[in-house]
Structure formats: C-alpha cells, structure tokens
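Okay, here's what each chain looks like letter by letter:
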Amino acid sequence: MTATTAEHHDHHDDHHHAPHGLKRWLFSTNHKDIGTLYLWFSFAMFLIGGLLALVIRAELMYPGMQVVDPEFFNQMTTVHGLVMVFGAIMPAFVGLANWMIPLMIGAPDMALPRMNNWSFWILPFAFTILISSVLMSAFGEGNPSAPNFGWTFYAPLSTTYGPASTDLFILSVHMMGISSIMGAINVVVTVFNLRAPGMTMMKMPLFVWTWLITAFLLVAVMPVLAGAVTMMLTDRHFGTSFFSAAGGGDPVLFQHIFWFFGHPEVYIMILPSFGVVSSIIPVFARKQLFGYASMVYATASIALLSFVVWAHHMFTVGMPLAGTLFFMYMTMLISVPTGVKVFNWMATMWRGSMTFELPMKWAIAFVILFTCGGLSGLMLAITPVDFQYHDTYFVVAHFHYVLVSGAVFSIMAAAYYWLPKWSGVMPNKILGELHFWSSLLSVNLLFFPMHFVGLAGMPRRYADYALQFADYNFWISIGAFWFGVSQLIFLVVAILCAMKKGEKAPANPWDAPEEDLEWTVPSPAPFHTFDTPPVIK
Amino acid sequence: MAESNNKYYVPDSSPWPLSGSIGLFMIALGAGNFIQQSTDFGQNVLKHQGTGAGYLLLAGALWLIGTLFFWWRDTIKESITGLHEGRLSGSYRQGMIWFIFSEVMFFAAFFGAMFYTRWLIVPWLGGEGSNAMTHELLWPNFQAMWPLTTTPDGRETQAMGAWGLPAINTAILLVSSITLTIAHHALIAGERGKLILFQGITVLLGIFFLFLQVEEYIHAYTEMGLTLNAGIYGSLFFMLTGFHGMHVTMGTIMLLIMFLRILKGHFSKENHFAYEAAAWYWHFVDVVWLFLYVCVYWL
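Keep in mind that this is a model prediction, so the values were computed, not measured.

Undergrad: With reference to specific residues and values, describe the environment of Val 493 of chain A.
TA: Residue and element names in this part refer to chain A. As for its position among the elements, Val 493 is in helix H16 (residues 470-498). Judged by relative accessible area, which is 0%, Val 493 ranks as buried. The spacing of Val 493 and Ile 411 is 82 residues in sequence and 14 Å in space, taken between C-alpha atoms. Not counting chain neighbours up to four residues away, the residues in contact with Val 493 comprise Tyr 416, Pro 427, Asn 428, Leu 431 and Gly 432.

Undergrad: Outline the domain arrangement of chain B, listing residues and values.
TA: Interface size, as often reported, equals the accessible area lost upon joining of the parts. Residue and element names in this part refer to chain B. If you check the domain split of chain B, you get domain 1 (14-83) and domain 2 (89-298). Taking the mean C-alpha position of each, domain 1 and domain 2 sit 23 Å from one another. With seven residues of domain 1 in contact, the opposing surface of domain 2 contributes five residues. Each partner contributes to the roughly 490 Å² buried at the junction of domain 1 and domain 2, and carbon and sulfur atoms together form 45% of this total. On inspection of domain 1 and its partner domain 2, the count reaches zero salt bridges. Residue classes in the side of domain 1 that touches domain 2 are distributed as two nonpolar, four polar and one charged.

Undergrad: Quick one: what's the story with the packing of helix H3 (residues 70-105) of chain A against helix H6 (residues 206-237) of chain A, residue by residue and with numbers?
TA: Residues and elements named next belong to chain A. Here H3 crosses H6 at 135°, and the two axes come no closer than 11 Å. Classified by the angle between their axes, H3 and H6 sit oblique to one another. Two packed elements cross with a definite hand, and for H3 against H6 that hand is left-handed. Residue-level inspection shows Phe 86, Met 90, Phe 93, Val 94, Leu 96, Ala 97, Met 100, Ile 101, Met 104 and Ile 105 of H3 in contact with H6, the latter providing Phe 207, Val 208, Trp 211, Leu 218, Met 222 and Leu 225.

Undergrad: Describe the environment of Glu 518 of chain A, with residues and values.
TA: Residue and element names in this part refer to chain A. The residue Glu 518 is located in the segment after H16 in this model. Note on Glu 518: relative accessible area 2%, which makes it buried. Taking C-alpha positions, Glu 518 is 8.4 Å from Ile 105, a pair spaced 413 residues apart along the chain. In this view, Glu 518 contacts Met 100, Leu 103, Met 104, Tyr 417, Trp 418 and Lys 421; residues no more than four positions away in its chain are not counted. Polar contacts involving the side chain of Glu 518 include one to the side chain of Trp 418, which spans 3.0 Å.

Undergrad: Please provide a residue-by-residue account of the confidence of the model for chain B, values included.
TA: All names here are of chain B. Averaged over chain B, the pLDDT score is 92; the fraction of residues at 70 or greater is 94%. Mean pLDDT across the elements of chain B ranges from a minimum in helix H4 (residues 132-138), with 90, to a maximum in helix H7 (residues 232-263), with 97. The low-confidence segment residues 1-5, where pLDDT is below 50, has eight contacts with residues more than four positions distant or belonging to other chains. Model confidence for the complex is summarised by a pTM of 0.94, with the ipTM given as 0.94.

Parameters at a glance
- Residue positions are given per chain, counting from 1 as you read along its sequence in written order.
- Each chain gets a letter, beginning with A, and each ligand a number, beginning with 1, in the order they are written.
- With pLDDT at 70 or above as the cut-off, local features in this predicted model cover only qualifying residues; side-chain atom pairs require 80 or more to be listed or tallied, and sums for whole chains, interfaces and linings still use all residues.
- The side-chain numbers reported here are obtained from all heavy atoms of the structure, hydrogens and water having been left aside.
- Helix and strand assignments come from DSSP, with helices taken as H or I runs of at least 4 residues and strands as E runs of at least 2, each series counted from the N terminus.
- Between buried and exposed lies partly exposed: a residue is buried under 20% and exposed over 50% of the maximum accessible area for its type, with that area taken using a 1.4 Å probe on protein chains only.
- Should any heavy atoms of two residues lie within 4.5 Å, those residues are counted as being in contact.
- An automatic or database domain assignment provides the domain bounds reported here.
- What counts as buried area is the accessible surface, traced by a 1.4 Å probe, that two parts surrender upon association, with contributions from both included.
- The working definition used for a salt bridge is a side-chain nitrogen of Lys or Arg within 4 Å of a carboxyl oxygen of Asp or Glu.
- Under this grouping Gly is polar, as are all residues other than the nonpolar Ala, Val, Leu, Ile, Met, Phe, Trp, Tyr, Cys and Pro and the charged Asp, Glu, Lys and Arg.
- Between N-to-C directions, angles cover 0 to 180 degrees, with each direction set by a line fitted to C-alpha atoms, over the stretch in contact for helices.
- Our angle categories are set so that under 35 degrees counts as roughly parallel, over 145 as roughly antiparallel, 65 to 115 as roughly perpendicular, and the remainder as oblique.
- Helix crossings are classified by the rotation of the near helix relative to the far one: an anticlockwise turn of less than a right angle makes the crossing left-handed, while a clockwise turn makes it right-handed.
- N or O atoms within 3.5 Å of each other form a polar contact, as long as, within protein, one can give a hydrogen and the other can take it, and as long as residues adjacent in sequence are counted only when both atoms are side-chain atoms.
- The predictor rates its confidence in each residue with pLDDT, a number between 0 and 100.

Below, the structure is given as structure tokens:
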C-alpha cells in the first residue's frame, strides 16, 4: 500500500482558500482549524481542572482544615472531575480525530464540516455555564454552591439535596452531550464514507479504528446520560419519582443508568489512546505493529464488553448474587483483550531498532503506567475485595493511573508526535525532555502513594483525614503541585510551536513508513489536503 | 467510494454553527433559571416567577429556529444547485441514520428505567427476594403491583388502559406510516397530485395524533389522578409518552416543511434526501410508539 500522490500535493500547497482573522476561527469548516480549536480548548480546560485539583491537594496537604471549607471542597472534587472528563480529555481526543482522521484516510475534510464546527462551539458555552457556578461560589454574593455531589452526581445528592446550580449543570451536560453526539456522528460518517480509494477498513491506521469504535460508544451512551440528567431534572422540579423510593422509584436506578453511560465513557477516554500508542510505537521501533488484526478485534471486544460491566461500580450498593457474579466475571474478561493490546505493544518493541524521541518516551510511559492502572482495576473487579477498596483512595489511584498517566500521557505523546505536522516546527527538545521527565516523576509521586492510603482505608471525597495518613498526603500534594507546574512547560512548548519558533520540520520527521498518509503531506499540513483522494495500493 | 474525479464538496465558512451555539446557550441559561425559579422543589407547583429567564428561553428557542432556518436554506440551495451528488449525499444519509440511533438510545434509557422498575424495584419494595425487612420496616402496607396505582407513601392513581384513545392513536400512527409510504412512492413515480394529497393526509394524521394525546393527558390529569406527581407509574407514563409526543411534534413539523417544499417543487425523483430523512424519522417515532403501546399501555 503506497500513496502515489506525494508529488501531487505540491499543487495544493497554497493558502488562497484560507479565510483570515477572527472569521477563520469562528465560522470555520476546516477540519484542521477546528481540530486546533478543540486542542487549545481542551488544554485550557486541563489547566482549569488542574487548578481545581490543586485546591483539593492544598487542603489535603496537612490534616485538619486549612484552605477551604468542606462545602467548597466538595464542589472542587465535583467540578474537577467534570471539567477533566468532559472538558479536557474528551475534547482533546476529538481535536486529534479532527486533525488526523482526514489526513490518515486521505479525505479532504470531515464529512459534515459545518456540524463539526457546531460541535466545537457548543463546548465553550457549556463550560461557561459550569465554570461560572464555581466562580459564583468562590466570589459571588452569598457564595451560592456550585455542583457538590461528585462527578457521578448520584441521586439523591443531586436531586433532593442538590444546590440550585444543579439545574444549570444539567442543561450544560445536555449541551456537552449534543456536542459529543454530533462529533461522534461526524467521525463515523467520515470513516465510512470518505476513505481514499483502496483504503479498505483493514488498512486503516489503528488510530482511525479506535476512534471509529469510540464514536459508536459515544453515539450509544451520550443519549443515555441525557436521559439520566433529564430524570434528575424532573425529579427535582416536576414531581416525578424516578429516584425516590417513596414514589416507587429507587436511587439505585440512577446509578444503573449513570454507569450504563459511565462505563463505556471510561473506554471512550482510553480507546483513542490505544490508537495513538499503536501509531507511535511501530514508528520508533521501526517494525510493523505485531498484530494489526488482533488489535482491531481487541478494541472491538473491549467496546462490546463495556456495555455489560457497568454494575462493577456498584458492588457495595447491593444487587442479587447472580448480578454480582455476572458483572465481576465480565469485568475480569476485559483484561483479556486489554492484555492482547499490551502484549502487542511489547512484541512490537521486541528486537526493534528502537529510538527514544519524545513521542516514544510518552508512549512507553503510557504502556507501563496504564498497565499499572489496569492491574489495580483487576483488583477492584473482584467483588469481595472491592468491598474493602470501594470509595477509598485506592479507587482514586486506579482511575488516575488510567486517565492521567494513561489518557493524558497518550495525548501528550500524540501532541509531540504530530506537532511537527500541525505547526511545521519541531517541538523544543530541551523543554520537551524536561516536561516528560518532570511529569513522569511527579505523576508517580502524586498517584502511587494513593494506593497505600487507600488500602489503609482513607476514604475519597473527604476534606480531612486521620492523622496516620498525613505523611503520604503531604508527598501526594507535593507531587500534585510538581505535576501541575510541569504542564506549564508544555504550554510553553505549544506556544513556541504555534509561533513557528524552532527547528523547521520536514514532511516526515520521524521516518514513518510511507503508508502512514499523514506524513506524505508537507509540514505544516496545507489548509486543504487530499482535495483529490490519493490512491492506496 | 466514488470515482476520484468527483470532488467532495466542503462548504465555505458559515456563521450558523456559532449562531446555533449561542441559541443553545440562551436556551440552557433561560431554561435552567426558569425551571429553578418558577417551580417549587418537589411540589409540582408553579410560582409564577422567573419571567425574565422565561423570555431568555423563548428568545433562545427563536434564535435557534432562525439559525436552523438560515442554515438549512444554505443546504437547500446547495442541494438544488446539485452539490449534493455522490458521496456527500451518502454522508447526509449516514449522519441521519446515526442521529436516529442516538434517539433510540435516548428512549432506551427510559425504557430501561421502566423495566428495572417493573421487574426489580417494585417487587423489592414489596418484600421479594432478600428484601423482606425493607418491606417490613419501610412501608409494611405497600403492595407490589404493576401498574403501580398506590405508591409506598400512599399516593393513588388509576392506570391508563390500552383500549380507547391509545388504540385509536396506534391506528392513526400505523395508517400515517402507510400514507407516508404512498406519498414517497408517488414522489418517486412523479405523480405530483397523489404526492401532495397523501403527504397532506400524513401531516393531518400527525396533528390528529397529537390532539388525541393532549385529550388523553387532560383526561389523566383531571379525572384519573394520573399526574407526573403520582409516583413512578405516572413518572414513567408521562416521560415516555411525553418524549414520544415531543418527537411526534418534531416529526410533524418536519413533514409539514416537506409538504411546503413539495409545493415549492424542491424535490426530484433522484434528489429528495430531506424528504427521505423526514420519512425515516417518522417511521422511527412510529416504531417507538408500538413499543410504548405494548409495554406502557397494554402489558
């Protein structure tokens, strides 16, 4: 399979179609510009969500109450989670999809370019609503509470006891859902309909495959989340009894609906990571991916299984024994396809001519640390053991290992890998090394000790803790501030790239194989690429 | 995959997506504040406040409708100038199919809630399984039954029967699907008179369905004690049929717009995707109704 149109692109290397000024960004129909908007937006949300996390860690640095009151602390844990999940990680992956999927499959743009821009521009408005509630809580008259029920917004905390801001939160979740569904539909349609001639499904890069499957998950579960928050809204204001046992409903019903969305959501945040890492490792190991087809099937299996494991979040809530056993075994089954992936990456690296440029460093760190997070997940899947771990810092450690040193690390890997293509300059190596090592060390200082305090019984979502946890929590907080500051290095790296300051990037800076279409176009990628589809042999 | 000489049409920059986001923002802010200010928590009582937020909600809705009008005006122009050939037409089709799938999943959340309630919650509240003490300690007088006409805390209602209005409504929707298909075939066959007649009949049937649905709601509220506040049965009944009704409203508006576009001569034998999309949507609300009729009204 070879792209025969490399020389062809020079004709298209012009910018006469590119609109200028504010209009270019506000009214865009260009997948690259919209991708850039998504990526900057998600990075801004990453910093805001990080700031909220640092409020949490500042409070927990020492035992006792020092920085904020417990009510505000609860708002911090809630909005930190929501901003990171819906504002940072998901839009970052949509940004990567926007930039890379058309380039990878030889398409001129996303299939529905105007809808693409709509799905982006909904997000800043949705997060204005969510974040304004925090600002009002911090600085507003009478300090009206922001959402304070945890990012899972369990009933009755969010119904009977939810603050007034819950209603606006519900509407902002609806907006995020609309945005995600439109973005996902766009990805599915682009992949099915706009592949270059000869780009069969089983020739698609794995990043495209994993995103296609992710998009299915999004279209399937975001509407369920919309249903859940709608029931919340009517329970709060229109007298319905979905989550009230007095009327014949059940608060546990909320958890079932939420996690029917929530567990696929977890994979929505990790499957594109698998695609990124599967794109990067073969390039820097200079070998083909060990098992392409098995990676595709493993991804699809994980996605299917994600629909039948949701109640493992609810073992301590109680359900019939058969249900408990079913969800336990199904959950453990997921480690099989996940293992297929991890072994695949290892086998790809085995006896490769490996070099360790920045994207590869992040990718290897991803493989190791994500596996750590996966293994603690396997521990949590075992029902009787989960009774001990549930709602402790062990859970916090688990999902931060998969989301921060998993998803976020893969996004960083992707950024360092593709920044030359996006900006035309190589990311600054010295700052990049500093960013990587600083993040790697701090992320482990931040999250590894959480396993210990969790196993020892420290509950999550409390503003204070017993004295025996003090030493660990001090170092966790040091790790948190260190990790937070480290990400500012990346801000500098990204700004330097955006200002085109740095070594000029060739079209294929990483010596990627020629079937990776994104490297056949010049760096930076011209405003329009593949107006005429390349022919894949 | 089409021939490479068929360039994929990428539209120029457009203000409507951003404008649509502003509309949604106004709707969210307006609705959030309006609901917050105008209802008493859990009391189902209107407080007649929050008119400012209400106007914002209304303005947002009008803004969004206006935006969509201009957005679709652009798309229709593109379609009439023949830009929707080839693969772009495929993108629209697939996009519509996945949109309908997302709608299916939205209803799935409410259907799932209904089955969970019927099969698990209500029996458990009645003491089934390992829940004898739950029943004994919380609501010893509670009887598990479906439809749940007496809630654990003693609110009473009547169950909506399956015959009468709901059965007539089922017939109306089924017939409307047939008339719509006749209209569609007439469009393909180029029989304009037949097309206009049957498209008009379909729109009228949609409106008639909604009219009867409102009648049924009035009957439920005023005579049966069946309200949103009547416990889980009323909650599920009104949310499922209500969201279905909203979708029928949307579908009827779509079919009405298609009717007007037919009168303006927008569609040809080959190029009438908007019409097909509206038809798919109508069949989707029809199928949802059949599930509703069987699971909510009948069984």
